[in-house]
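Chain by chain, the residues run as shown.
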Amino acid sequence: MAKKIKTNNADTSTIINITQWAIPTAILFIYVLVTLYSFSSDMKKDAQYTVRQKISDYNDALIISYNAKMDVARSVAGATADVVSKELASGDDMKTVMAEVVSPTLDNAYSIGAVLADSSGNGISDTGADTTVNSKAALEKCLSDKTIIMSSPYDQGGAWYTDVYAPVSDADGNAEYALAYVFIIDVFSDIPTTSKFDGRTCYAVIGSDGTVVSLAGRKILTRGENIFESDNIAITSGAESRTKSNLSNRNAGYTTCTVAGEDRVMVYDPAAYAGLTVASIVTRSYVDSEVHSTYGDMESIMIRIVVAMVAFFIAILAIHFANKAVNTRHNQTLQEKAETDLLTGLLNKISTEQKVTDYLAEAKTKGQSAILFLIDIDNFKKVNDTMGHAFGDELLAGLGLGLSTLFRATDIVGRIGGDEFLVLMRNINPDEETKKREADKLLTFFRDFKVGEYVQYRCTASIGGAVFSQDGADFDELYKAADNAMYESKRHGKNRVAYYGEKLEGPTIELGSH
């Protein structure tokens, strides 16, 4: 009976252990699947956006070319209008001005003709014939505002045109005439005759009211028809009002539509002039193909991710046990490299250098100063040789205790060599008074320091000081500066403090390696 109870307890424990893993894992997998589904939906939207952006970028390339030509045309129109004004003021008649001044500029302005007209709309063409302007509204606005105006597109003989009106002002600034350049609307002269995308794309220039004024690529529309009233194209229900608003307000956008029973996507972007919009009408199959080729089958991706997750959990377990073994060895290594120097109780070499390096990096960002002292015990080898290593260790331990109490709790004090100590005084003003005070403090310490129970021994030190960041911008530079100063202290008889760059008085001693 006891055995059965024990077995039941074991089974219960196993079930509990399995439940502890199974429930969180099931919740995690459900969460991941929901996240992946949401992610795949977002990815599909991103993919569709990327494809639309690719189409929009091509529209922009066409628009840039068209806008550049119109910019040139407007510049030519403005400059020529100024010349015409001067010629008329000098007494030349309008026909002469048109023939000699305006006609030579037509090619430079990408124009097929020009008219010099008065406020009534009557005028002279570049060929010298009597004519009228095509847009009385644009003419009147040009003369009233005294600025260059571009007319709305208009149909003439099956082709669509737009005009640039530039005011011709007299000496008093009154605009009595306007110079109009005529242009055929065609932004597709720079593209190949074949489609940029799937060979079935239709390119169209559309007016702000939806009228098609220019075409290229697959001819699924006709010039002059309105996309909102056409039998050739049906914009998706619900998107028509948004598309009308975007065209009217010169906003970029896209809409789904149907052409001859085939689903398509129309991506459109506004040009800078004449209220025109460039549209690329691509097949839905092209968009779907681009989405698939760019991001692949999302269901397949989800399956691969789930498989990868299982492999990931297995790998996590393996990594966990491997890390546990590595961490054990790492902790042993860290224990061996403890911060404290066992003899003196000060920081050891590694931790001293690290703490100084970390502080200097912080001090650099905060604009703080510091003073670094290197302290080398004079004739320490002689102490070991004559009085024994145990006494030498006692000396070092006493120095460690004394130096730790000599400086502030915030300062860094460490033993970095057999008989060499380092002190970094943090966030201290390194003026001459402070430097002298700290030097005197160190010299007084060594003058009063003694060690030994039966034999009182006094020691001296050669000390080098360097100022951060005046003498060094990091630990290595500051250490070298202090080391050079300490070497100068030794050369001038030891038992003194020398700062880097400071000239010491008195005779020098030629030293070898220190």
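The structure this text deals with has already been given above.
Residues numbered from 1 in each chain as written. Predicted model: local features only at pLDDT ≥ 70, side-chain atom pairs only at ≥ 80, totals over all residues. Heavy atoms only, no water.

**Describing the side chain of lysine 490**
No. 1: If you trace the backbone, lysine 490 turns up in helix α11 (residues 475-491).
No. 2: Of the polar contacts made by the side chain of lysine 490, one reaches the side chain of aspartate 376; its length is 2.8 Å. (Helix = DSSP H or I, 4+ residues; strand = E, 2+ residues; numbered from the N terminus. Polar contact = N/O pair within 3.5 Å; in protein donor to acceptor, adjacent residues only side chain to side chain.)

**Quick look at the packing of aromatic side chains**
No. 1: Counting across every chain of the model gives 7 aromatic pairs.
No. 2: Arranged with centres 5.8 Å apart and planes meeting at 35°, the rings of phenylalanine 475 and tyrosine 479 form a pair that is tilted. Of this pair, phenylalanine 475 and tyrosine 479 both sit in helix α11, 4 residues apart, which is roughly one turn of the helix.
No. 3: Given the relative accessible area of 9%, phenylalanine 475 is considered buried.
No. 4: Judged by relative accessible area, tyrosine 479 falls into the partly exposed class, the value being 23%.
No. 5: Lysine 244 extends its terminal NZ or CZ atom over the ring of phenylalanine 228, reaching a point 5.3 Å from the ring centre. (Phe/Tyr/Trp six-rings, centres within 6.5 Å; stacked < 30°, edge-to-face > 60°. Buried < 20%, exposed > 50% of the residue type's maximum accessible area, 1.4 Å probe, protein only. Lys NZ or Arg CZ within 6 Å of the ring centre and 35° of its normal.)

**Here we look at the sheet that holds strand β14 (residues 370-377)**
No. 1: Pairing is mixed across the open sheet formed by 5 strands, whose spatial order is β15-β16-β14-β17-β18. Every interior strand has two partners, whereas the edge strands, β15 (412-415) and β18 (496-499), have only one. The mean angle between the axes of side-by-side strands here comes to 15°, regardless of whether they run parallel or antiparallel.
No. 2: Bridge count for β15 against strand β16 (residues 420-426) is 4 bridges, and the pairing is antiparallel. Note that in β16 the partner of glycine 414 across the bridge is leucine 422. (Pairing = 2+ DSSP bridges. Axes fitted to C-alpha atoms, helices over the stretch in contact; angles between N-to-C directions.)

**Brief notes about the nonpolar core**
No. 1: Of all hydrophobic cores here, the largest spans 47 residues; its most connected members are Val84, Leu179, Tyr181 and Leu276.
No. 2: Looking at this core, the element that brings in the most residues is helix α1 (residues 2-89), giving 13 residues.
No. 3: Beyond its immediate stretch of four places on either side in the chain, leucine 276 contacts Tyr66, Pro153, Ile185, Val205, Ile206, Gly207, Val213, Arg250, Pro270 and Ala271.
No. 4: By size, the runner-up hydrophobic cluster in this structure holds 30 residues, among which are Phe407, Val413, Phe446 and Phe449. (Core = buried A, V, L, I, M, F, W, Y, C linked by side-chain atoms within 4.5 Å. Contact = heavy atoms within 4.5 Å.)

**Some points on the pattern of salt bridges**
No. 1: Evaluated as defined, the whole model comprises 19 salt bridges.
No. 2: The shortest N-O distance in the salt bridge between arginine 408 and aspartate 411 comes to 2.7 Å.
No. 3: Note on aspartate 411: relative accessible area 8%, which makes it buried.
No. 4: What you see here is one network of salt bridges that share partners, running through Arg200, Glu262 and Arg264. (Salt bridge = Lys/Arg side-chain N within 4 Å of Asp/Glu carboxyl O.)

**Remarks on the pairing of strand β17 (residues 461-468)**
No. 1: Burial runs high along β17: 8 of the 8 residues are buried.
No. 2: Neither face of β17 is left uncovered, since the one carrying Ala461, Ile463, Gly465 and Val467 and the one carrying Ser462, Gly464, Ala466 and Phe468 both have all their residues buried.
No. 3: Here β14 runs beside β17; their pairing, made up of 8 bridges, is antiparallel. Paired with isoleucine 371 across the bridge in β17 is valine 467.
No. 4: Pairing geometry for β17 and β18, over 4 bridges, is parallel. Bridging across to β18, glycine 465 finds its partner in tyrosine 499.
No. 5: You can see the chain leave β17, run along α11 and come back into β18, and the turn it takes is left-handed. (Right-handed = clockwise from strand over helix to strand, strands pointing away.)

**Details of the environment of valine 306**
No. 1: Here valine 306 shows up in helix α6 (residues 298-336).
No. 2: Taking the C-alpha atoms as reference points, valine 306 and leucine 33, separated by 273 residues in sequence, lie 8.2 Å from one another.

**Description of the packing of helix α9 (residues 389-406) against helix α10 (residues 432-448)**
Packed helices, taken two at a time, are described by their axes: the angle between them and the distance between them.
No. 1: α10 packs onto α9 with a crossing angle of 145° between their chain directions and a minimal axis gap of 12 Å. Between α9 and α10 lies a crossing whose hand is right-handed. Judged by residue contacts, Leu399, Gly402, Leu403 and Leu406 of α9 engage Lys441, Leu442, Phe445 and Phe446 from α10.
No. 2: When the residues that make up the contact of α9 with α10 are grouped by side-chain class, the tally is 6 nonpolar, 1 polar and 1 charged. (Left-handed = near helix turned anticlockwise from the far one by under 90°. Nonpolar A, V, L, I, M, F, W, Y, C, P; charged D, E, K, R; others polar.)

**Some thoughts on the sheet that holds strand β9 (residues 212-217)**
No. 1: Overall, antiparallel pairing links the 6 strands, which are arranged β9-β8-β13-β12-β11-β10 in an open sheet. Of all strands in the sheet, those with a lone pairing partner are β9 and β10 (233-235), marking the two edges. Along the sheet, successive strands turn relative to each other by an average axial angle of 30°, direction set aside.
No. 2: One ladder, built from 7 bridges, connects strand β11 (residues 253-259) with strand β12 (residues 262-270); its direction is antiparallel. What sits directly across from valine 259, in β12, is glutamate 262.

**As for helix α8 (residues 380-387)**
No. 1: If you check which residues of α8 are buried, you get Phe380, Val383 and Asn384. Taken end-on, α8 shows its buried residues confined to a sector of 95°, consistent with a single buried face. Turned more than 90 degrees away from the buried face of α8, the exposed residues are Lys381, Lys382, Asp385 and Thr386.
No. 2: Where α8 is buried, its residues touch β14 and α9.
No. 3: Glycine 388 lies just past α8 and shows a positive phi near 95°. (Arc of directions from axis to C-beta.)

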